[in-house]
Amino acid sequence: MSAPVTVLDEQPTKLGRVFTVFTIVLYAVSAVLAIWSIVETIRNRPAGTLLLGASALLLLLLIVQLVLSIATFGSTHDVDPLLYFGYVITAILVIALAGFWAFAELSRWGPGVLAAAGLTVIVMIERLDQIWQ
Amino acid sequence: MNKRHDGGGARSAAASAKKDRAAKRNQSPFSAMHTGPGRALTAVYGVFALSATARAGYQVIREFDVAPVAYSLSVIAAVIYIVATISLVIGNRISHRIAIASCLIEFAGVIVVGVLSFTHPEDFAKPSVWSSFGSGYGFIPLILPLIGLWWLSLVGRRIRTA
């Protein structure tokens, strides 16, 4: 690679590192949400404030992901935006609706809903990561 | 809502949940379709409706000519998941029947498309939700209609005996 390219390269690698860390955080939060929800379902508990808070946190992180990827999408990739943002927006909808749905159910199946949503979001983050690369 | 604790209040919360569900059943017995375990089922159906629609929409907009048969089937699958989800959410006598019908269509679809994807692989160059018996989705499309039928018949039986 020639000199001007290396200068240009510096920005994407820094950005790439931010994205890698953020993806790991997303994986961690959704995995914690899924496992915690499964445990609460087995323990026969309704979704408590903390669990609903965790799903709200995941929702917030996914919105941050949406904003980050809109901000950096432009010139960095030849990824199809319809495919990528289709996944991000679907993931946001899944978590938002699951949160409401779990809040309305005062039995063990509230966390059950969140477990299903959490597992779905893990798969979707994996797909997002594949598409981005 | 003041019963919503993480620790000690769980028992009273569970009791109030039971009361809540009983009250709901008095309003319309078929609303039991989307409460308790049915809520988790409805959520999974909702996830499938949403993701199948998003995927089918993308496939049709961007690359319909690549595999028209598989992508048309994706659209049909998405529509059936939407119908099933809406019937579960509505939860009355008629939507109970519609939900049973859509579960049956779904199961037949998974079996037929699953077989076709092995006998006519050239039509399934690109995957649809139901090809290879839903292996791309962890075989959930194969199991989900069976769980759905089991749950719907349980709800129906409970209402008939009550």
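Okay, so let's go over this structure. All residue numbers here refer to positions counted from 1 along the written sequence of the relevant chain. Note on labels: chains are lettered from A, ligands numbered from 1, in written order. At least 70 in pLDDT is required for a residue's local features to be given in this predicted model, at least 80 for side-chain atom pairs to be given and counted, and no such filter applies to totals for whole chains, interfaces and linings, which use all residues. The basis for every side-chain value is the complete set of heavy atoms in the structure, and neither hydrogens nor water enter the calculation.

## Section: the overall build of chain A
Labels follow the DSSP assignment, with helices taken as runs of H or I lasting at least four residues and strands as runs of E lasting at least two, numbered in each case from the N terminus. A count of helices and strands for chain A gives four helices and zero strands. Mapped in sequence order, the helices and strands of chain A form the string α-α-α-α. Any residue under 20% of the maximum accessible area for its type is buried, any over 50% is exposed, and the rest in between are partly exposed; the area is computed with a 1.4 Å probe on protein chains only. In chain A, which comprises 133 residues, the share counted as buried stands at 45%. Across chain A, contacts joining residues at least 24 apart in sequence account for 75% of those joining residues at least 6 apart. Two residues form a contact once any of their heavy atoms are found within 4.5 Å.

## Things to note about the overall build of chain B
Within chain B, the regular secondary structure consists of five helices and zero strands. The 162 residues of chain B split such that 41% are buried. In chain B, 65% of the contacts between residues at least 6 apart in sequence involve partners at least 24 apart. Every accessible area reported is derived by Shrake-Rupley at a probe size of 1.4 Å, with residue values counting cover from the shown protein chains alone. For chain B, the exposed surface amounts to about 8300 Å²; the carbon and sulfur share of it is 67%.

## Describing unusual backbone geometry
Notably, Asn44 of chain A is not glycine yet its phi reads approximately 65°, a positive angle. Position of Asn44 of chain A relative to the elements: it lies in the loop between α1 (3-42) and α2 (49-76). Here Phe139 of chain B, not a glycine, exhibits a phi torsion of approximately 60°, which is positive. Residue position: Phe139 of chain B is located in the loop between α4 (93-119) and α5 (140-161). For Phe139 of chain B, a relative accessible area of 39% translates into the label partly exposed.

## Some remarks on the nonpolar core
Counting 36 residues, the largest nonpolar core has Leu26, Leu58, Leu62, Tyr84, Ile95 and Val121 of chain A as the members making the most contacts within it. Within the residue set of this core, elements represented by two or more residues are α1, α2, α3 (81-104) and α4 (109-132) of chain A together with α2 (37-63) of chain B. Per-element accounting of this core gives the leading share, ten residues, to α3 of chain A. In plain words, nonpolar cores are sets of buried Ala, Val, Leu, Ile, Met, Phe, Trp, Tyr and Cys residues tied together by side-chain atoms within 4.5 Å. If you look at the next biggest cluster of nonpolar residues, it comprises 32 residues, including Ala70, Phe124, Trp151 and Ile159 of chain B.

## With respect to a nonpolar patch on the surface
All names here are of chain B. Candidate patch residues must exceed 30% relative accessible area and have no salt bridge, after which like charges are joined if within 9 Å and Val, Leu, Ile, Met, Phe, Trp or Tyr side chains if within 5 Å. Definition used for salt bridges: Asp or Glu carboxyl oxygen within 4 Å of a side-chain nitrogen of Lys or Arg. Together, Val60, Phe64, Val75, Val79, Val83, Ile94 and Ile98 line one region of the surface with nonpolar side chains, adding up to about 530 Å² of accessible area. At the level of secondary structure, the elements contributing two or more residues to the nonpolar patch comprise α3 (68-90) and α4. With three residues, α3 is the single largest residue contributor to the nonpolar patch. Mapping Val83 onto the fold places it in helix α3.

## Some remarks on the side chain of Glu40 of chain A
Residue and element names in this part refer to chain A. As for its position among the elements, Glu40 is in helix α1. Judged by its relative accessible area of 5%, Glu40 is buried. A polar side-chain atom of Glu40 sits 2.8 Å from a polar atom in the side chain of Arg43. Dropping the residues within four chain positions of it, Glu40 is found in contact with Arg45, Pro46, Leu51 and Pro111. Two N or O atoms count as a polar contact when they lie within 3.5 Å, although within protein this holds only if one can serve as hydrogen donor and the other as acceptor, and sequence-adjacent residues are included solely when both atoms are side-chain atoms.

## Considering the pattern of salt bridges
In a structure, side chains of opposite charge can pair up when their charged atoms sit close to one another. With the rule as written, the count across this model stands at three salt bridges over all chains. With its nearest N and O atoms 2.8 Å apart, the salt bridge here joins Arg43 of chain A to Glu40 of chain A. Residue Arg43 of chain A is classed as partly exposed on the basis of its relative accessible area, which comes to 45%. Measuring nitrogen to oxygen at the nearest pair gives 2.4 Å for the salt bridge that ties Glu105 of chain A to Arg39 of chain B. A residue pair is termed interchain when its members come from two chains, as with Glu105 of chain A in the loop between α3 and α4 and Arg39 of chain B in helix α2. Exposure remark for Glu105 of chain A: the relative accessible area of 2% places this residue in the buried category.

## Here we look at the packing of aromatic side chains
Working definition: rings of Phe, Tyr and Trp (its six-membered ring) pair if their centres are within 6.5 Å, and the pair is stacked with planes under 30 degrees apart, edge-to-face with planes over 60 apart, and tilted otherwise. Under the definition given, this model contains nine aromatic pairs over all chains. Between Tyr84 of chain A and Phe85 of chain A the ring centres are 5.3 Å apart and the planes differ by 90°, which places this aromatic pair in the edge-to-face class. When sorted by exposure, Tyr84 of chain A lands in the same class as Phe85 of chain A, which is buried. Ring centres of Tyr84 of chain A and Trp132 of chain A lie 5.0 Å apart, and the angle between their planes is 50°; on these two criteria the pair is classed as tilted. With Tyr84 of chain A in helix α3 and Trp132 of chain A in helix α4, this pair connects stretches of sequence that are 48 residues apart. Since its relative accessible area comes to 1%, Tyr84 of chain A is described here as buried. Put simply, the rings of Tyr45, Phe48, Tyr81, Trp130 and Tyr137 of chain B touch in pairs and so form one group of aromatic residues. Seen from the ring of Trp101 of chain A, Arg39 of chain B lies directly overhead, with NZ or CZ sitting 4.5 Å from the centre. Charge over a ring is defined by NZ of Lys or CZ of Arg lying within 6 Å of the ring centre and within 35 degrees of the ring normal.

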